[in-house]
Amino acid sequence: MTVQELPGAAAYRPTPPPAWKPITDPAPLLPDPEPYRVLGTDAVADVDPELLLRLHAELVRGRRYNAQATALTKQGRLAVYPSSTGQEACEIAAALVLEERDWLFPSYRDTLAAVARGLDPVEALTLLRGDRHTGYDPREHRIAPLCTPLATQLPHAVGLAHAARLKGDDVVALAMVGDGGTSEGDFHEALNFAAVWKAPVVFFVQNNGFAISVPLAKQTAAPSLAHKAVGYGMPGRLVDGNDAAAVHQVLSEAVARARRGEGPTLVEAVTYRMEAHTNADDATRYRVDSEVEAWRAHDPVRLLERELTERGLLEDEGIERAKEAAERMAAALRDRMNADPELAPMDLFAHVYAEQTGQLREQAAALRAELDAEQDHDEHGAEAGR
């Protein structure tokens with residue numbers, strides 16, 4: 001029996017009812033065909049010189065931070081470090097566009113963004129040397145835990161932003177993710193929820209070309225990752241991720257839009273990971289040196305320094321001051337990381353449940369007994385040796 005033969009077939013209409021039509025005109029949501037740029041264009045004249053100088057100082061500090069953290073892995077002081085060298089413009093801009101009341105949701109590579117937001121440089125690395133928990137209090141700093149599982153922080157950001165709006169709090173969440181994270185289901189679920197709820201959240205994709213060794217072309221056939229925004233009913237923005245002024249402007253506009261109650265934005269920053277995925281990765285197995293060298297010519301620090309010097313806003317003395325400040329930061333980081341941490345074994349049982357389970361209480365009591373016995377043994381041994 002065909003559809004036309006069914007009872008009531010005369011009322012059948014092949015055209016979907018109005019509710020099935022697109023809610024939003026897709027044209028305004030589409031990203032620009034080329035990444036947006038500020039440095040080297042007429043648009044740079046409208047940027048506050050003080051902002052450019054601050055971006056430069058933070059970029060120089062960030063570059064040194066990455067170098068020092070990478071060295072600490074080679075010295076055995078860090079278990080792993082995913083460097084963001086080459087991506088500093090994205091990291092710094094993400095931190096600087098937020099108000100103190102806002103929340104940052106970083107991925108594992110975004111330690112630099114957390115530090116630029118005000119987190120203690122050592123606390124930002126605590127997780128990566130395997131000490132405990134996140135190494136910092138997320139509520140105090142309004143920085144969610146550094147997220148190692150890909151893209152799981154994105155639904156969390158949407159949930160926090162939606163809850164804040166329901167409570168009447170003027171809060172925006174900025175969620176950072178790499179191009180590899182856009183292949184995870186969490187990414188798509190987060191965008192869908194955020195758009196439907198008009199949650200005040202900004203999704204910031206750092207497209208650095210590779211998901212470990214997998215190039216972007218093997219992850220997606222979309223014109224850009226920013227185009228994925230259109231399918232969920234939010235604007236997509238495409239920006240040069242090595243242009244610190246452009247990234248700051250685009251993210252600022254997205255944060256302001258979210259704060260006005262106009263919903264989420266997906267921003268894709270086209271950048272490049274200059275170093276290996278982590279110290280455990282051999283990048284020479286999947287990319288050639290000539291590709292890396294080509295991107296060095298588009299280095300975010302050099303781009304901004306050239307703009308500032310050409311405009312007479314930065315001289316050699318200013319560049320040296322920025323480098324000296326970065327060296328002082330690196331020396332303090334090195335000294336503190338070289339000191340063995342004082343560990344409290346009983347902290348294993350803290351912050352697991354609001355109220356400990358019976359099993360945890362038993363385990364805590366057993367560990368406490370072992371620690372007390374060890375202390376007694378050490379004390380008696382010390383007395384015997386006198």
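See the structure shown above.
What counts, and where the lines are drawn
- Residues numbered from 1 in each chain as written.
- Predicted model: local features only at pLDDT ≥ 70, side-chain atom pairs only at ≥ 80, totals over all residues.
- Heavy atoms only, no water.
- Helix = DSSP H or I, 4+ residues; strand = E, 2+ residues; numbered from the N terminus.
- Buried < 20%, exposed > 50% of the residue type's maximum accessible area, 1.4 Å probe, protein only.
- Areas by Shrake-Rupley, 256 points an atom, 1.4 Å probe, with all protein chains shown as cover.
- Pairing = 2+ DSSP bridges.
- Axes fitted to C-alpha atoms, helices over the stretch in contact; angles between N-to-C directions.
- Contact = heavy atoms within 4.5 Å.
- Salt bridge = Lys/Arg side-chain N within 4 Å of Asp/Glu carboxyl O.

## A short note on the overall build of the protein
From N to C terminus, the protein includes 12 helices and 7 strands. Taking the principal axes of the C-alpha coordinates as reference, the protein spans close to 105 × 65 × 45 Å. Considering the protein as a whole, with its 386 residues, one finds that 45% of them fall into the buried category. With the model as given, the accessible surface of the protein reaches about 19900 Å², and the carbon-plus-sulfur share is 52%.

## A few points about the sheet that holds strand β2 (residues 173-178)
Strand order in this open sheet of 5 strands is β1-β2-β3-β7-β6, and the pairing throughout is parallel. Lying at the two open borders of the sheet, with one neighbouring strand each, are β1 (103-105) and β6 (236-240). Sheet twist, expressed as the mean angle between neighbouring strand axes with direction ignored, is 20°. By the bridge criterion, 3 bridges tie β1 to β2 in an arrangement that is parallel. When the sheet's bridge partners are listed, W103 is paired in β2 with A173. Along the sheet, helix α7 (residues 185-197) makes contact with β3 (201-207) and β7 (265-270), crossing β3 at roughly 150°.

## Here we look at the pattern of salt bridges
The tally for this structure, following the rule as stated, stands at 16 salt bridges. Salt-bridge contacts for E88 lead to R63; the nearest nitrogen and oxygen are separated by 2.6 Å. A residue pair is termed long-range when its members are at least 10 positions apart, and E88 in helix α2 (residues 88-96) and R63 in helix α1 (residues 49-74) qualify at 25 residues. Note on E88: relative accessible area 0%, which makes it buried.

## A short note on the pairing of β3
Consecutive residues of a regular strand have side chains that alternate between opposite faces of the sheet. Along β3, 7 of the 7 residues are buried, which leaves the element largely enclosed by surrounding structure. Residues of β3 alternate between two faces, with V201, F203, V205 and N207 on one and V202, F204 and Q206 on the opposite face, all of them buried. Two strands pair when backbone bridges link them, and β3 and β7 are joined in this way by 6 bridges, in the parallel orientation. Paired with F204 across the bridge in β7 is V267.

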